[in-house]
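Examining the three-dimensional arrangement
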Amino acid sequence: MLDVSNVYKTFNPGTVNEKTALNGVSLTLKDGDFVTVIGGNGAGKSTLLNAVAGVWPVDSGSISIGGADVTRLPEHKRAKYIGRVFQDPMMGTAATMQIEENLALAARRGKGRTLRRGITRDEREGYREVLKILDLGLEDRLTSKVGLLSGGQRQALTLLMATLQKPDLLLLDEHTAALDPKTAAKVLEATERIVQKDKLTTLMITHNMKDAIVHGNRLIMMYEGRIALDIAGEDKKKLTVEDLLARFGQATGSDEADDKLLLG
Amino acid sequence: MAFLTSLLNSMPGAAAQGLAWGVMAIGVYITYRILDVADLTVDGSLGTGAAVCVLLTLNGAPVGVAMACAVLAGLLAGLVTGLLHTACGIPAILSGILTQLALYSVNLRIMGWGTGGGKANLPISVDKYGLLVSARYVRDLALNNPLIPLALFVAVVIAVLYWFFGTELGCALRATGSNGNMARAQGINTNWCKVLGLMVSNALVALAGALLAQYQGFADVNMGRGAIVIGLAAVIIGEVLFSKVFRNFALKLLACAIGAVIYYIVIQFVLRLGLSTDDLKLLTALVVALFLAVPYWKGRYFAKKVIPAGKGGGAHA
């Protein structure tokens, strides 16, 4: 479904702030794969997701989704294939617009925007039903401005928007990191439910190793702009945090990474 | 008593000017409030609309056609600013300033059309041409009173925009202004939306220029100077006075037009009190600066302490 091949990205080239964020990363996701991504700060996790989403062009390498080469497509054209939830709860929704208007925008992802109604009556009823999945009471607040919602509610809404139209690929960038533990658990649970229901191909970054082990059928660990570990299937099911750290140390030949990972 | 009579006599004129500037203020609302861009093109496109309308009418075009062309000219002006901003990566404010400056020359050329040079002023007589609005009849109790078509224009503009911003495209435009990251993630071409918004905004401003030129009986190269500030004044007066009662989008647009009328009534008032017209722009700038500063001060120094509901929630609403 997703094919990232030998991608490089360097920020601020030629300056003192030069940083090679992606160093020839390659990754292939099969249809229905739910892959969790872990790694320390600056390992290139978010950069990898942004490269796939097309936030900026990559320096070299290629990216294709469902067989279509998207390497040169701008962000808004790739949106046709991709649902995204950001780390910052403010980033995924339009605060000055209503809940139903946000959903209507998401329902039209990847379609041409014309002079037809921005939201129809039938849609409204549909959204009421869809919002019930979240179990946050939002189904009774369709016309509330999203800016009035809490961070957790906004993040849950963003998740719903990202999956309202079944995406070929779902990108979750530490989407529970900015939430309190209880809300984070709730959003993560909703994520698991939606991903399972629609069998979505998913890339989920998390800073929580336990979450990374519990969720998904495959786990990758990034280090210095590359994939250092890739664990799938039965191997992943038996995995523990200690295992993970030990294998990471072997793979990279570094032990200082332990603290970095645990703290990051 | 004489003061009151003269003030009262000036009211219809203030209302008419206010309504014409109301159309302009609605244009400013689109960029300033919906797109979240301060577009300075308007100082030039107001004059462009006026110049195109007067020139074409003088050359025998029906006034309706002349005004339609003025609107087209406004669309073009917005397109230029939009492309400078999106395709050339120039900050929005600077793009507007560049277009505005270029339009000064363009406006001189339009008004000097056929003379081989530029012209700073182009008069048009309501006696010889079938103008839609004229200051001459502003106190008449008759159908040719300019207040009627002006009010009609404001109403139609509000109706059309209300419809437009409810469409898929209009919603995409609002999302672009509200949160560009979200808009792009939902497949919206935010650059194109910005260009479109700037075009629509400047089309309205040019329409206002065409109305104003007819109303006052001339187009002038300096008539747009400070237009952005007057437009902002109208938007802000409207918001300060009506934001608590006017929730609906159409009413918010109406508040801009009412804000423009109030602005001109206040101007008449202070002029009658003896303020020199030379000092008007200073006064306008001060008033707008004050109104822009008040919400900031309120937030900064008089904010009630609120315990946030969730981490980071709602704070940026």
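Residues numbered from 1 in each chain as written. Chains lettered and ligands numbered in written order. Predicted model: local features only at pLDDT ≥ 70, side-chain atom pairs only at ≥ 80, totals over all residues. Heavy atoms only, no water.

What follows is about the interface of chain A and chain B. Think of interface size as the accessible area that goes away when the parts come together; that is how it is often given. Residue-level contacts link 35 residues of chain A with 27 residues of chain B. Summing both sides of the interface, chain A and chain B together bury roughly 2700 Å²; the carbon and sulfur share of this comes to 56%. Among the residues of chain A in contact with chain B, A:His76, A:Arg113 and A:Leu115 are the three that bury the most area, contributing 22% of the side total. Inspection of the chain A/chain B interface yields four salt bridges. For the salt bridge of A:Glu75 with B:Arg184, the shortest nitrogen-to-oxygen distance reads 3.1 Å. At the junction of chain A and chain B, the tally comes to 14 residue pairs in polar contact (both at pLDDT 80 or more). Listed by contribution, the elements that provide at least two residues to the side of chain A that touches chain B are helix 2 (75-78), strand 6 (82-85), helix 3 (99-107) and helix 5 (151-164) of chain A. Among the elements that line the side of chain A that touches chain B, the one with the most residues is helix 3 of chain A, at four residues. Taken together, the residues that form the side of chain A that touches chain B break down as 15 nonpolar, twelve polar and eight charged. (Contact = heavy atoms within 4.5 Å. Buried area = accessible area lost by both parts, 1.4 Å probe. Salt bridge = Lys/Arg side-chain N within 4 Å of Asp/Glu carboxyl O. Polar contact = N/O pair within 3.5 Å; in protein donor to acceptor, adjacent residues only side chain to side chain. Helix = DSSP H or I, 4+ residues; strand = E, 2+ residues; numbered from the N terminus. Nonpolar A, V, L, I, M, F, W, Y, C, P; charged D, E, K, R; others polar.)

Here we take up the packing of helix 9 (residues 227-242) of chain B against helix 11 (residues 280-301) of chain B. Residues and elements named next belong to chain B. It is at 10 Å that the axes of helix 9 and helix 11 come closest, and there the two elements cross at 45°. Classified by the interaxial angle, the pair formed by helix 9 and helix 11 is oblique. As helix 9 runs across helix 11, the sense of the crossing is left-handed. Here helix 9 contributes Val 229, Ile 230, Leu 232, Ala 233, Ile 236 and Val 240 to the contact with helix 11, which in turn contributes Thr 284, Ala 285, Val 288, Phe 291 and Leu 292. For the contact of helix 9 with helix 11, the per-class residue count stands at ten nonpolar, one polar and no charged. (Axes fitted to C-alpha atoms, helices over the stretch in contact; angles between N-to-C directions. Parallel < 35°, antiparallel > 145°, perpendicular 65-115°, else oblique. Left-handed = near helix turned anticlockwise from the far one by under 90°.)

Residue and element names in this part refer to chain B. On average, residues of chain B carry a pLDDT of 92, and 95% of them reach 70 or more. Counted against residues more than four places away or in other chains, residues 309-317, with its pLDDT under 50, gives 13 contacts. For this predicted complex, the interface confidence reaches an ipTM of 0.91, while the overall pTM sits at 0.91. (pLDDT = per-residue confidence, 0-100.)

What follows concerns the pairing of strand 3 (residues 34-38) of chain A. All names here are of chain A. In terms of burial, strand 3 is a largely internal element, five of the five residues being buried. Bridge analysis of strand 3 against strand 8 (residues 202-205) gives four bridges, and the strand direction is parallel. Each bridged residue has a counterpart across the sheet, and for Phe 34 the counterpart in strand 8 is Thr 202. Inspection of the sheet shows strand 3 paired to strand 9 (residues 218-223) by four bridges, in the parallel sense. When the sheet's bridge partners are listed, Thr 36 is paired in strand 9 with Leu 219. (Buried < 20%, exposed > 50% of the residue type's maximum accessible area, 1.4 Å probe, protein only. Pairing = 2+ DSSP bridges.)

Quick look at the environment of B:Val63 now. Residue and element names in this part refer to chain B. Mapping Val 63 onto the fold places it in helix 3 (residues 63-86). A relative accessible area of 15% places Val 63 in the buried class. Along the sequence, Val 63 and Tyr 162 sit 99 residues apart, while their C-alpha atoms lie 26 Å from each other. The residues touching Val 63, leaving out its near neighbours within four places in the chain, are Thr 57, Gly 130, Leu 131, Leu 132 and Gln 214.

The subject of this paragraph is the environment of B:Trp163. Checked against the element boundaries, B:Trp163 lands in helix 5 (residues 147-164). C-alpha of B:Trp163 to C-alpha of B:Ala250: the two residues are 87 residues apart in sequence and 9.2 Å apart in space. In this view, B:Trp163 contacts A:Leu115 and A:Arg117; residues no more than four positions away in its chain are not counted.

Okay, the sheet that holds strand 2 (residues 19-29) of chain A next. Residue and element names in this part refer to chain A. Taken together, four strands build an open sheet; the order of strands is 2-1-4-5 and the sheet is antiparallel. Only two strands of the sheet have a single partner each, and these edge strands are strand 2 and strand 5 (68-69). Here five bridges tie strand 1 (residues 2-11) to strand 4 (residues 60-65), and the two strands are oriented antiparallel to one another. Across the sheet, Tyr 8 pairs through a bridge with Ser 60, a residue of strand 4.

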